[in-house]
Amino acid sequence: MLRNTMDKKHQRRQFLKQQYKEAAAREAARQARREAEARERRWQLIQGYLDRADAEQLHVYAASSHHDGNGRGLRYLADCPRMALGTAVMLFWLLGADWLTRLREEELLDDQRERLILLRLIERRAVAGFYQPDAIAFDPRTDCCAIPGENESLGPPLHAIAPCMVEPVRGRLRVDLAEAARRYDEGLAGDVALALRGL
């Protein structure tokens, strides 16, 4: 009799524990869906802004959004023929070209490998004339916080970098990023940044 009572209590505890695990899993799944939906709404706002952005706005966004976790934004820029060549050159160096091009394949982490693939895509398209050639002036040796040659101690680049990625780019407009930081919010127009905070 005592053993049957203990068995029933044990079974009850196991049942409740399983119910708790299932409820926790359902809540985790709901939370993951909410977060994915929030990310999608956030991206839709950003994409809408980028779709109508001019050369300066794309340049400021590129300068402010080259961080990890912004894969969609970076890929959008790489695929955007409205982007200025000067912006493409800036983005190339900001994404770590000077460092990543000096690492051997076996030294690359997965995210670094993906970033290097993106760098090579931007470089190929710059060479091919995919980006706007004279919209934004940019000199990678003086206008960028990540300059060519800053990682020379690692050895030479393992693949030659195209001359157009190193040479100054002439353009109708030179963007003062320090000044632009006062007019933009993390690379976005104020109304877009405000809408994002409201999500």
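1. Some words on the pattern of salt bridges
Two side chains of opposite charge can pair, provided their charged atoms sit close to one another.
Okay, step 1: With the rule as written, the count across this model stands at 14 salt bridges.
Okay, step 2: Salt-bridge contacts for Glu40 lead to Arg72; the nearest nitrogen and oxygen are separated by 2.9 Å. Here Arg72 lies in helix α3 (residues 71–78) and Glu40 lies in helix α1 (residues 2–51), a separation of 32 residues in the sequence.
Okay, step 3: Residue classification places Glu40 among the partly exposed positions, given a relative accessible area of 32%.
Okay, step 4: Arg72 gets classed as partly exposed once you look at its relative accessible area, which sits at 45%.
Okay, step 5: One salt bridge in this structure joins Arg120 and Glu123, with 2.7 Å as the shortest N-O distance. Of the two residues, Arg120 and Glu123 are both situated in helix α6 (residues 110–128); the distance of three residues between them amounts to about one turn of the helix.

2. Things to note about the side chain of Thr101
Okay, step 1: Mapped onto the fold, Thr101 is located in the loop between α5 (97–100) and α6.
Okay, step 2: Of note is the side chain of Thr101, whose polar atom sits 2.6 Å from the backbone oxygen of Ala97.
Okay, step 3: Apart from the residues lying within four places of it in its own chain, the contact partners of Thr101 are Leu116, Arg120, Pro157, Leu158, His159 and Ile161.

3. Section: the confidence of the model for the protein chain
Okay, step 1: When pLDDT is averaged along the protein chain, the result is 88; 96% of the residues meet or exceed 70.
Okay, step 2: Within the protein chain, the element-level pLDDT minimum falls on α1, averaging 80, and the maximum on helix α4 (residues 85–94), averaging 96.

4. Side note on the nonpolar core
Okay, step 1: In terms of nonpolar packing, the biggest core is built from 53 residues, with Leu50, Ile122, Tyr131 and Met165 touching the most fellow members.
Okay, step 2: Listed by contribution, the elements that provide at least two residues to this core are α1, α2 (55–64), α3, α4, α5, α6 and α8 (190–197).
Okay, step 3: Ranked by residues supplied to this core, first place goes to α4 with eight residues.
Okay, step 4: Contact partners of Ile122, with chain neighbours within four places excluded, come to Ala78, Ala88, Leu91, Leu95, Tyr131 and Met165.

5. Things to note about α8
Okay, step 1: Looking at α8, one finds that the buried residues are Val192, Ala193 and Leu196. End-on view of α8: buried residues confined to an arc of 100°, all on one side of the axis. Along α8, the residues that are exposed and aim more than 90 degrees away from the buried face are Asp191, Leu194 and Arg197.

What counts and how
- Residues numbered from 1 in each chain as written.
- Predicted model: local features only at pLDDT ≥ 70, side-chain atom pairs only at ≥ 80, totals over all residues.
- Heavy atoms only, no water.
- Salt bridge = Lys/Arg side-chain N within 4 Å of Asp/Glu carboxyl O.
- Helix = DSSP H or I, 4+ residues; strand = E, 2+ residues; numbered from the N terminus.
- Buried < 20%, exposed > 50% of the residue type's maximum accessible area, 1.4 Å probe, protein only.
- Polar contact = N/O pair within 3.5 Å; in protein donor to acceptor, adjacent residues only side chain to side chain.
- Contact = heavy atoms within 4.5 Å.
- pLDDT = per-residue confidence, 0-100.
- Core = buried A, V, L, I, M, F, W, Y, C linked by side-chain atoms within 4.5 Å.
- Arc of directions from axis to C-beta.

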